Amino acid sequence: MINDPVIKDDWHPVLRTDALPDGRLIGARLMDEDIVLWRTEGRVQAWQDLCIHRGTRLSLGEVRSSRLKCPYHGWEYNTEGYCVHIPAHPEQTPPAKARVRTYLAGEKYGLIWVSLGNPQKDIPSFPEEPDPGYRKVLAGPFGPVKASAPRIIENFLDVAHFPFVHAGSLGDESRPEIADYTVETGPDGVAANDIQIYQPDPYGTGVGDVVHYQYRVFRPFTAYLAKQTKLTRFSILFPITPVDEKTSVAWFYMALDRGYDLPDDEITRFHSSILAQDVPIVESQRPELLPLDLQAELHLRSDRTSISYRRWLSEIGLTFGTA
Ligand code: FES
Ligand SMILES: [Fe+2]
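If you're wondering where the values come from, they're calculated on a predicted model, not measured in any experiment. (Residues numbered from 1 in each chain as written. Chains lettered and ligands numbered in written order. Predicted model: local features only at pLDDT ≥ 70, side-chain atom pairs only at ≥ 80, totals over all residues.)

**Focus on the domain arrangement of the chain**
Heads up, the rule is: What counts as a domain boundary in this text is fixed by an automatic or database domain assignment. By the convention adopted here, residues are in contact when the distance between their C-beta atoms, placed from the backbone, does not exceed 7 Å. The secondary structure listing takes helices from DSSP runs of H or I that are at least 4 residues long and strands from runs of E that are at least 2 residues long, numbered from the N terminus.
Considered domain by domain, the chain is made up of domain 1 (5-115) and domain 2 (135-315). With centres defined by C-alpha atoms, the gap from domain 1 to domain 2 works out at 34 Å. Listed as interface residues are 13 residues of domain 1 and, on the opposing side, twelve residues of domain 2. Those elements that provide at least two residues to the side of domain 1 that touches domain 2 are helix H1 (5-8), strand S1 (12-16) and strand S2 (25-30).

**Comments concerning helix H2 (residues 149-157)**
Under the convention used in this document: Burial is judged by counting the other C-beta atoms within 10 Å of a residue's own C-beta: 20 or more makes it buried, 12 or fewer makes it exposed, and any count in between marks it as partly exposed, with every C-beta position built from the backbone.
Counting buried positions along H2 yields nine of nine residues, so the element is predominantly enclosed. Of the positions making up H2, those classed as buried are Ala149, Pro150, Arg151, Ile152, Ile153, Glu154, Asn155, Phe156 and Leu157.

**Quick word on the pairing of strand S13 (residues 189-199)**
Quick reminder of the rule: Pairing between strands is defined by DSSP: at least two bridges between the two strands are required.
Two elements, strand S12 (residues 182-186) and S13, share five bridges in a ladder whose sense is antiparallel. Looking at the pairing, Thr182 lines up with Asn193 of S13. Here S12 folds back onto S13, and the loop between the two strands holds two residues. Examined bridge by bridge, S13 and strand S14 (residues 209-219) share eight bridges and lie antiparallel to one another.

**Describing the sheet that holds strand S3 (residues 33-40)**
Selection criterion: The convention used is that axes are lines fitted to C-alpha atoms, helices contributing only their stretch in contact, and that angles between N-to-C directions extend from 0 to 180 degrees.
The strand order across the open sheet formed by six strands is S1-S10-S9-S4-S3-S2, and the pairing between neighbours is antiparallel. With partners counted over all chains shown, the strands left at the sheet margins are S1 and S2, one partner each. Neighbour-to-neighbour, the strand axes of the sheet open up by a mean angle of 35°, direction not taken into account. The pairing of strand S9 (residues 102-108) with strand S10 (residues 111-115) spans five bridges and is antiparallel. By the bridge assignment, Leu104 is partnered in S10 with Ser115.

**Some points on the nonpolar core**
To keep it simple, the criterion reads: Note on terminology: a nonpolar core is any set of buried Ala, Val, Leu, Ile, Met, Phe, Trp, Tyr and Cys residues joined through C-beta atoms within 7 Å.
Counting 78 residues, the largest nonpolar core has Leu37, Ile112, Val114, Ile152, Ile153 and Ala223 as its most contacted members. In terms of residue count, strand S17 (residues 247-256) provides more of this core than any other element does, seven residues in total. Split by domain, the residues of this core number at least three in each of domain 1 (5-115) and domain 2 (135-315).

Pasting the structure below:
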């Protein structure tokens, strides 16, 4: 496992809640670690995907009577990860050492979140979550994307690329200027306020306007955007699953103050197409790991959110996905 306490002690989404019904199990990968997710009596379990007997993948096994049964010799583990039955020696009490490594798992926003360490904080909060005035939509998984998680978060925070990568939707090549804006960094992350962006069609009427973006970085790999136009408010929680240092999976959890009767697909289609435009860019970036030394790449005033993000990652001692 990757030894970076900053990211090990954090929460990461690994699977949609609806992909794991009761009595099922499924393998996933997080921070170079194979995990098995399974659900019994409604509760999700996240374990190392490895039987302690001969190292077989438990995700090839089955869930039976609230136990996880290894496919190789049928050892059965209870929900605490202890082996409670060895079929070859049914009379024998399994040794206390016969225990699978278990992790913390939780569910929020339609996602299963896992921590491989000892999290000091809860799963990140989404400010609009308690507000029933917002329609919520989960989109994802997107990927795997062959890029490091911090490169993808930084791309999300970068507005100067809109006129080029997202011409006609998020930006307009004839209006590429970025006005100054302020960024604050505290122990809880980065906050960029009132970024003004000209967008060619923010109301779907074919008429352009200046819209306002506000960014937050809640965790090294979870960012947030609130977009305000004259008519609408829209926000996104953007967590990235760090599969390994150079492979990631992206998710969008969105809140809209309209579109209550639109199908989920219609809402997610636009955002999927935007992300599809970003993927070749982030996959092409070299070095693949995000350089935290500010001398390593060139930085402009319009990059100040990225600069603050890199500085903050450095301050909190993140090493995973960075150089
Ligand atoms: S390897 Fe799992 S029971 Fe033998
Ligand atoms: Fe983009």
